[in-house]
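Survey of secondary and tertiary structure
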Amino acid sequence: VQLQASGGGSVATGGSLRLTCAVGASFHSLNTMGWFRQAPGKEREFVAAISWNGGSTYYADSVKGRFTISRDNAKNTVYLQMNSLKPEDTAVYYCAAQRGGSYIYLTEEYDYWGQGTQVTVSS
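In short, a report on the structure. The shown structure was predicted, so the numbers you read here are calculated from the model rather than taken from an experiment. (Residues numbered from 1 in each chain as written. Predicted model: local features only at pLDDT ≥ 70, side-chain atom pairs only at ≥ 80, totals over all residues. Heavy atoms only, no water.)

Quick word on the environment of S10
Positionally, S10 belongs in strand β2 (residues 9-12). Along the primary structure S10 and G116 are separated by 106 residues, whereas in three dimensions their C-alpha atoms are 15 Å apart. (Helix = DSSP H or I, 4+ residues; strand = E, 2+ residues; numbered from the N terminus.)

Below, the structure written as structure tokens:
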């Protein structure tokens, strides 16, 4: 299964970006989709996740109220809308997918990963 993340860039504090994760033909065999991020010198951390039908969403406390995850199963795509960006949001953002139902907050519970897209927020 191939995941292709895009949409990163450089914005000023308070700006917005929308990340896109395009998934290959096996999208409908996947369960939860998630976004993680990794800042320089830090471990990869959970950002958001969405259930297979979009009915449930989950967010890290640090992004709750600012980020929105969504999915369009007809387009094999998952989105992360990021508003009110802060310098501490600067990181490489990765999309990930689970085949089955697993604990969604841990990187090791995801089976497939995209290549990452850089988000830089300047103060």
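Concerning the sheet that holds strand β1 (residues 3-6)
Think of a sheet as strands paired side by side through backbone hydrogen bonds, with each pair either parallel or antiparallel. Spatially, four strands are ordered β1-β3-β8-β7 in an open sheet, and the strand pairing comes out antiparallel. Either end of the sheet is taken by a strand with one partner, and the two such strands are β1 and β7 (67-72). Recorded for the sheet is a direction-independent mean angle of 15° between the axes of neighbouring strands. Direction of pairing for strand β3 (residues 17-23) relative to strand β8 (residues 77-82): antiparallel, over a ladder of six bridges. Across the sheet, the residue bridging to L19 is L80, located in β8. (Pairing = 2+ DSSP bridges. Axes fitted to C-alpha atoms, helices over the stretch in contact; angles between N-to-C directions.)

Re a nonpolar patch on the surface
A cluster of nonpolar side chains, contributed by Y58, Y103, Y105 and L106, occupies part of the molecular surface with about 370 Å² of accessible area. Along the chain, the position of Y105 falls in the loop between β9 (91-97) and β10 (112-113). With relative accessibility at 35%, the residue Y105 sits in the partly exposed group. (Patch = residues over 30% accessible without salt bridge, like charges linked within 9 Å, V, L, I, M, F, W, Y side chains within 5 Å. Areas by Shrake-Rupley, 256 points an atom, 1.4 Å probe, with all protein chains shown as cover. Salt bridge = Lys/Arg side-chain N within 4 Å of Asp/Glu carboxyl O. Buried < 20%, exposed > 50% of the residue type's maximum accessible area, 1.4 Å probe, protein only.)

With respect to the state of the cysteines
In the structure shown here, the tally under the stated rule is one disulfide. A sulfur-sulfur distance of 2.2 Å marks the disulfide that ties C21 to C95. With the S-S bond torsion at 65°, the cross-link from C21 to C95 turns out right-handed. With a gap of 74 residues between them, C21 in strand β3 and C95 in strand β9 connect regions that are remote in the sequence. Like C21, the residue C95 is buried in the burial classification. (Disulfide = S-S within 2.5 Å.)

Regarding the packing of aromatic side chains
Overall, the coordinates contain seven aromatic pairs when judged by the stated rule. Linked through ring pairs, F36, F46, Y94, Y103, Y105, Y110 and W113 together constitute an aromatic cluster. Over the face of the ring belonging to Y94 we find R44, whose NZ or CZ atom lies 3.7 Å from the ring centre. Taking the ring centre of W113 as reference, the NZ or CZ of R44 above it sits at 4.9 Å. (Phe/Tyr/Trp six-rings, centres within 6.5 Å; stacked < 30°, edge-to-face > 60°. Lys NZ or Arg CZ within 6 Å of the ring centre and 35° of its normal.)

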